[in-house]
Amino acid sequence: MRHKNQTLGEFIIENQEEFKYSSGELSRLINSIRLAAKVVNHEVNKAGLVDILGAAGETNVQGESQQKLDVYANEAFIKTLTNREIVCGIASEEEDHFITIKGRNQNNDNKYVVLIDPLDGSSNIDVNVSVGTIFSIYRRVTPSGTPVTLEDFLQPGNKQVAAGYIIYGTSTMIVYTTGHGVNGFTLNPAIGTYYHSHPNMQFPEDGTIYSVNEGNYVHFPQGVKDYIKYCQREEGDRPYTSRYIGSLVSDFHRNMIKGGIYIYPNTAKNPDGKLRLLYECNPMAFIAEQAGGLASNGFTRILDIQPTELHQRVPFICGSRNMVLKAEEFMQNA
Ligand SMILES: O=P(O)(O)OC[C@H]1O[C@](O)(COP(=O)(O)O)[C@@H](O)[C@@H]1O
Ligand SMILES: [Mg+2]
Ligand SMILES: [Mg+2]
């Protein structure tokens, strides 16, 4: 049963049984992400007023200069998840290695690991353009009671039990899936409550929007160049509209609502692309597929890629079903 006044908390409880492990742990997990998102949202909304803009002066494991808000969001999510004693490990874009989280009385009984991109779209923070947070949740594979290991994090995306993102945009939303469709909840900042504003979100099968950083065009694989030319050709419902915010979460969200495709291909400079498989591509691919869309690296379904490293990158194509199939066709025939 769904009604516009249903809160996220009510929805989580009402749909708990859908979740095969359903011990309430997942609900507590989603609730803690909801809380951390509010803390980060509070800071994002007044970013220009407090000393949270600009670089933090450190470089992360990706060799990227960390923004102050990257660090703030990273700490907020790690603290909130740790304090709730429900995860046994966290991996983050901003942490070189995974973090082991002890449960009650320092035990290793917790069953879930969380992989997170605390602040997505970092290049947009200082210019007041929408940014996000991305999360991916797995059940551990090593026996509970033992310390978490890298193996628990390097699971293929098709093993995710939940995934989602928070978008800090004109409004703040949480969009997530536990493998039973995709639902979106909008924050009413006056009372700090999320409401079920976007039920059963679906990617239109076709779309007329393509999102790619065309500034890198000359470095793209021939197949991607051919697909972009196809999008720009005066034919049928084309040329498509080019829209690129530069925040994966925001470009994905728009394309899921309006119909579109997001592409971040490999280039000579980035032979594996830029986006990270574990905490950017896998969660967005799970949401895309649950919303009737598709996600691949042009050749392989993202969710079937076996991860080998915590921060590995992959080429990423994601969006409306027929647009992704067309892009793959160009890439595989190039
Ligand atoms: O500036 P570019 O090369 O187009 O890259 C933009 C892409 O990189 C990202 O900012 C990478 O994410 P982070 O900001 O979390 O590092 C994506 O959100 C975005 O789609
Ligand atoms: Mg990111
Ligand atoms: Mg990030």
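Residues numbered from 1 in each chain as written. Chains lettered and ligands numbered in written order. Predicted model: local features only at pLDDT ≥ 70, side-chain atom pairs only at ≥ 80, totals over all residues. Heavy atoms only, no water.

Heads up, the rule is: UniProt positions are given in the numbering used here, feature names are shortened, and annotations may be inferred rather than shown by experiment.
An unreviewed UniProt entry lists the protein under the name Fructose-1,6-bisphosphatase class 1, with Pukyongia salina as the source organism. UniProt lists a comment for the protein under the heading Pathway (unreviewed entry), and it reads "Carbohydrate biosynthesis; Calvin cycle." UniProt's Sequence similarities (unreviewed entry) comment on the protein is quoted here verbatim: "Belongs to the FBPase class 1 family."

1. Points about the overall build of the protein
The condition is simple: Secondary structure elements follow DSSP: runs of H or I of four or more residues count as helices, runs of E of two or more count as strands, with numbering from the N terminus. For every residue, the accessible area (1.4 Å probe, protein chains only) is compared with the maximum for its type, and the residue is labelled buried under 20%, exposed over 50%, or partly exposed between those bounds. Should any heavy atoms of two residues lie within 4.5 Å, those residues are counted as being in contact. Positive: Lys, Arg. Negative: Asp, Glu. His and the chain ends are not part of the count. To locate a charge, the coordinates of NZ of Lys, CZ of Arg, CG of Asp or CD of Glu are taken.
Tallying secondary structure elements over the protein gives seven helices and 15 strands in all. Overall size of the protein, expressed as C-alpha extent along the three principal axes, is 65 × 45 × 40 Å. Out of the 334 residues belonging to the protein, those deemed buried represent 55%. Long-range pairs, those at least 24 residues apart, make up 67% of the contacts in the protein with a sequence separation of at least 6. Charged side chains of the protein number 30 positive and 37 negative; the gap between the two group centres comes to 3 Å.

2. As for the coordination of the magnesium ion (ligand 2)
Just so we agree on the cut-off: For Na, K and Ca the donor cut-off is 3.2 Å, and for all other metals it is 2.8 Å, counting N, O and S atoms only; because water is absent from this set, sites may look incomplete.
Within the protein, the magnesium ion (ligand 2) binds to Asp117 (OD), Asp120 (OD) and Glu280 (OE); these donor distances fall in the range 1.9 to 2.1 Å. Each donor residue of the magnesium ion (ligand 2) belongs to the same chain, with the gaps between them written as D-x2-D-x159-E. In this structure, the magnesium ion (ligand 2) lies 3.7 Å away from the magnesium ion (ligand 3), the two metals sharing aspartate 117 as a donor. One end of the pair, aspartate 120, is in strand 5 (residues 112-120); the other, glutamate 280, is in helix 6 (residues 277-290), with 160 residues separating them in the sequence.

3. Focus: helix 7 (residues 321-333)
In an α-helix, one full turn covers 3.6 residues, which means residues spaced three or four apart are oriented alike. In plain terms, the rule: Expected helix span is taken as 1.5 Å per residue step, with the number of steps being one fewer than the number of residues. This arc describes the spread of directions from the helix axis toward the C-beta atoms.
Counted at 1.5 Å a residue, the expected span for helix 7 with its 13 residues is 18 Å, and the 18 Å between its end C-alpha atoms agrees. Where helix 7 is concerned, the buried positions are Met323, Val324, Ala327, Glu328 and Met331. Buried residues of helix 7 fall within an arc of 135° about the axis and therefore sit on the same side. Check the buried side of helix 7 and you find it contacts strand 11 (209-211), helix 4 (222-232), strand 13 (261-264), strand 14 (294-296) and strand 15 (316-319).

4. Re the coordination of the magnesium ion (ligand 3)
Looking at the magnesium ion (ligand 3), one finds its protein donor set to be Glu93 (OE), Asp117 (OD) and Leu119 (O), positioned 2.0 to 2.2 Å from the metal centre. Sequence positions of the donors to the magnesium ion (ligand 3) reduce to the motif E-x23-D-x1-L. Exposure remark for aspartate 117: the relative accessible area of 1% places this residue in the buried category.

5. Focus: the UniProt feature "domain: Fructose-1-6-bisphosphatase class 1 C-terminal" (unreviewed entry) in the protein
When the UniProt feature table is mapped to this numbering, "domain: Fructose-1-6-bisphosphatase class 1 C-terminal" (unreviewed entry) covers residues 204-332. The straight-line gap between the two end C-alpha atoms of residues 204-332 is 24 Å; of that span, 37% is helix and 12% is strand.

6. Structural notes on the environment of lysine 225
Here is the rule: In protein, a polar contact requires one atom able to donate a hydrogen and another able to accept it; more generally it is a pair of N or O atoms within 3.5 Å, and residues adjacent in sequence count only if both atoms are side-chain atoms.
Mapped onto the elements, lysine 225 comes out in helix 4. Take lysine 225: its relative accessible area is 17%, and that puts it in the buried class. A sequence separation of 101 residues divides lysine 225 from asparagine 124, and the C-alpha atoms of the two residues are 26 Å apart. In this view, lysine 225 contacts Tyr217, Val218 and Phe220; residues no more than four positions away in its chain are not counted. At 3.3 Å, the side chain of lysine 225 forms a polar contact with the backbone oxygen of valine 218.

7. What to know about the sheet that holds strand 8 (residues 172-177)
The strands that make up a sheet are held in pairs by hydrogen bonds between backbone atoms, and each pair lies either parallel or antiparallel. Let me state the cut-off plainly: Strands qualify as paired when DSSP identifies two bridges or more between them. To obtain each axis, a line is fitted to C-alpha atoms, and for helices this fit is confined to the stretch in contact; angles are then taken between N-to-C directions over 0 to 180 degrees.
Across the sheet, eight strands lie side by side as 4-3-5-6-7-8-9-10; this open sheet has mixed pairing. The outermost strands of the open sheet, each flanked by one partner alone, are strand 4 (99-100) and strand 10 (193-198). Relative to strand 5, strand 3 (residues 87-92) runs parallel, the two sharing five bridges. Bridging from a neighbouring strand, valine 87 pairs with tyrosine 112 of strand 5. Of the strands in this sheet, strand 3, strand 5, strand 6 (131-139), strand 7 (162-168), strand 8, strand 9 (182-188) and strand 10 are in contact with helix 2 (residues 25-45), which crosses strand 7 at around 15°.

8. Remarks on the site of ligand 1
Definition in use: Residues are labelled near a given molecule or strand when at least one of their non-hydrogen atoms is within 4 Å of it. Lys, Arg, Asp and Glu make up the charged group, whereas Ala, Val, Leu, Ile, Met, Phe, Trp, Tyr, Cys and Pro make up the nonpolar group; the residues left over, Gly among them, are polar. For every domain, the bounds stem from an assignment made automatically or drawn from a database.
Close to ligand 1 lie 17 residues; Asp120, Gly121, Tyr244, Leu248 and Tyr264 are nearest. Side-chain polar atom of tyrosine 244 to an oxygen atom of ligand 1: 2.6 Å apart, as the coordinates give it. If you list the elements that add at least two residues to the shell around ligand 1, you get strand 5 and strand 13. No other element matches the three residues that strand 5 contributes to the shell around ligand 1. For the shell around ligand 1, the residue count by class is five nonpolar, five polar and seven charged. A domain-level breakdown of the shell around ligand 1 finds at least three residues from each of domain 1 (8-198) and domain 2 (209-333).

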